[in-house]
Amino acid sequence: MTALLLRDLRLAFRAGGGFGLALAFFLIVVTLVPFGVGADTAVLGRIAAGVLWVAALLACLLTLDRLFQTDYEDGSLDLLATAPMPLEGVVAIKALAHWLTTGLPLTLAAPMLGVLLNLPGPAYGWLALSLALGTPALSVIGAFGAALTVGVRRGGLLLSLLVLPLYVPVLIFGAEAVRRGAEALDPTTPILLLAGITLASAALLPFASAAAIRVNLR
Amino acid sequence: MQLHVDNLAVARGGVPVLQGVSFRVPAGAALILRGPNGVGKTTLLRTLAGLQPALAGRITPGPEAVAYAGHADGLKATLTVTETLTFWARVFGAAGNAPAAAIRAFDLGALTDRPTQNLSAGQKRRLGLARLLVTGRPIWVLDEPTVSLDAASTGLFTQALRGHCAGGGSAIIATHIDLGLAAEVLDLTQFRAVRSRTDDAFLAEAGL
């Protein structure tokens with residue numbers, strides 16, 4: 001298990017591995033928003049929470065189709081499926097590696113970009129917390145979508161269509177927590193719901209993903 | 001370890017291709033599968049490896065005793081030869097010196113620090129086959145293992161296979177070349193699943 005995690009991280013950091021793609025996309029989107037919306041700090045401050053969460057979600061989506069596709073194409077997935085390691089564990093580890101290389105850097109970068117969007121002061125802690133709690137769900141749900149479409153060439157479009165509806169609750173509660181933080185309201189409820197979504201998807205979806213991969217390998 | 005396949009039926013894409021396949025491969029022996037393209041060699045081997053379910057029949061022992069090597073070698077372009085073998089050795093829980101032994105057996109010593117994207121097709125295949133040695137599994141299920149290997153590398157492979165069998169392992173190999181092994185040969189044509197309609201009927205319907 002550790003061996004697989006280290007391999008995936010090593011692959012992500014080497015040339016062509018795709019580490020930084022999500023982060024760069026996130027930076028670009030958030031930087032472009034003030035140019036598009038205008039320099040009215042009151043407007044920016046009001047939309048900051050939503051923009052940061054939507055950008056993080058799309059950045060996460062951008063890197064999903066590589067999750068199992070490369071392993072499927074070069075035959076590694078066949079070999080991992082025959083290895084003495086449950087396929088559910090393989091899926092969970094690959095989702096964890098995906099989070100470590102996309103969700104975690106996004107969480108760390110988001111507060112700095114909040115400044116750019118004039119995010120109100122009390123919201124920074126809630127932004128970091130909501131992303132830290134919510135992005136693992138994005139990786140796990142995304143892994144499920146990637147597992148469903150692994151046999152489809154250029155399955156990125158299908159993957160996005162399958163995954164986006166499942167991402168909506170995460171987005172709603174994540175952005176809502178930050179908005180409430182910004183307006184000095186109590187964000188406990190959306191934070192708890194966000195944590196609930198992450199825990200439930202991390203507990204259940206690896207099984208569904210492994211089943212989908214088994215069907216696709218036939 | 002003896003492999004026993006009893007009355008097995010396998011399907012590709014939902015269409016039955018082979019049925020009534022029965023054979024035994026005793027420990028220390030190898031079985032060569034033959035048959036024309038499309039007869040179902042790969043499908044049978046993937047079923048033995050547990051990658052797809054059988055329609056009917058029994059395979060003992062199960063896929064946990066099988067090391068599978070298919071058409072693709074499962075190599076990552078940016079990992080080196082040593083990293084690749086060390087990874088698979090750790091996944092299969094092999095001893096720490098297993099990668100070194102596999103590198104020696106397939107004469108990869110000069111290439112250990114080379115990323116696999118810089119290997120030739122034959123070298124990649126040698127690395128793919130070296131992976132079998134670090135799995136430590138008793139039954140090798142090999143699909144055209146000698147593709148892109150030259151005569152010398154085929155010799156290395158045959159030697160590794162002999163060593164595996166001498167150690168009580170067994171192997172099932174789909175191949176078209178003569179490996180020079182004293183192995184039994186099984187022609188799969190006899191197990192072809194009977195189609196409900198002949199190929200001629202399909203062609204007639206298509207207007208050909």
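Anything mentioned here points back to the structure above.
Model, not experiment: these values are computed from the prediction. (Residues numbered from 1 in each chain as written. Chains lettered and ligands numbered in written order. Predicted model: local features only at pLDDT ≥ 70, side-chain atom pairs only at ≥ 80, totals over all residues.)

### As for the overall build of chain B
Helices and strands together make up the secondary structure of chain B, namely six helices and eight strands. Going from N to C terminus, chain B has its helices and strands arranged as β-β-β-α-β-β-α-α-α-β-α-β-β-α. Relative to the compact-globule value of 17 Å for 208 residues, chain B shows a C-alpha radius of gyration of 18 Å, a close match. Here the C-alpha coordinates of chain B stretch approximately 55 × 40 × 30 Å along the principal axes. Considering only contacts within chain B whose residues lie at least 6 apart along the sequence, 75% involve residues at least 24 apart. (Helix = DSSP H or I, 4+ residues; strand = E, 2+ residues; numbered from the N terminus. Rg over C-alpha atoms; globule rule 2.2 N^0.38 Å. Contact = placed C-beta atoms within 7 Å.)

### Section: the pairing of strand 7 (residues 170–174) of chain B
Residues and elements named next belong to chain B. Across the five residues of strand 7, five count as buried, placing the element largely inside the fold. Covered by surrounding structure in strand 7 are Ser170, Ile172 and Ala174 together with Ala171 and Ile173, the residues of both alternating faces. With four bridges joining them, strand 3 (residues 30–34) and strand 7 adopt parallel strand pairing. When the bridges of strand 7 are listed, Ala30 appears paired with Ala171. Across five bridges, strand 6 (residues 139–143) lies against strand 7 in parallel orientation. Following the sheet pairing, Trp140 is matched in strand 7 by Ala171. With respect to chirality, the unit in which strand 6 leads through helix 5 (residues 151–166) into the neighbouring parallel strand 7 is right-handed. (Buried ≥ 20, exposed ≤ 12 C-beta atoms within 10 Å, placed from the backbone. Pairing = 2+ DSSP bridges. Right-handed = clockwise from strand over helix to strand, strands pointing away.)

### Some points on the sheet that holds strand 3 of chain B
Residue and element names in this part refer to chain B. If you walk across this open sheet you meet the five strands as 5-6-7-3-8, and the pairing is parallel. A single partner strand is all that each edge strand has here, and the edge strands are strand 5 (66–69) and strand 8 (184–187). Between one strand and the next, the sheet's axes are offset by a mean angle of 15°, whatever the strand orientation. Lying over the sheet, helix 5 contacts strand 3, strand 6 and strand 7, oriented at roughly 145° with respect to strand 7. (Axes fitted to C-alpha atoms, helices over the stretch in contact; angles between N-to-C directions.)

### Brief notes about the sheet that holds strand 4 (residues 56–60) of chain B
Residue and element names in this part refer to chain B. Spatially, 2-1-4 is the arrangement adopted by the three strands of the open sheet, whose pairing is antiparallel. Every interior strand has two partners, whereas the edge strands, strand 2 (15–25) and strand 4, have only one. Each strand axis lies, on average, 25° off the axis of its neighbour in the sheet, ignoring direction. Sheet topology places strand 1 (residues 3–12) next to strand 4; four bridges connect them, and they run antiparallel. Of the residues in strand 4, the one forming a bridge with Ala9 is Ala56. Across the sheet, helix 1 (residues 41–48) touches strand 1, strand 2 and strand 4, and the angle it forms with strand 1 is around 120°.

### Brief notes about the environment of Gly136 of chain B
For Gly136 of chain B, the location among the structural elements is in the loop between helix 4 (121–135) and strand 6. In contact with Gly136 of chain B, other than residues within four places in its own chain, are Phe92 and Ala94 of chain B.

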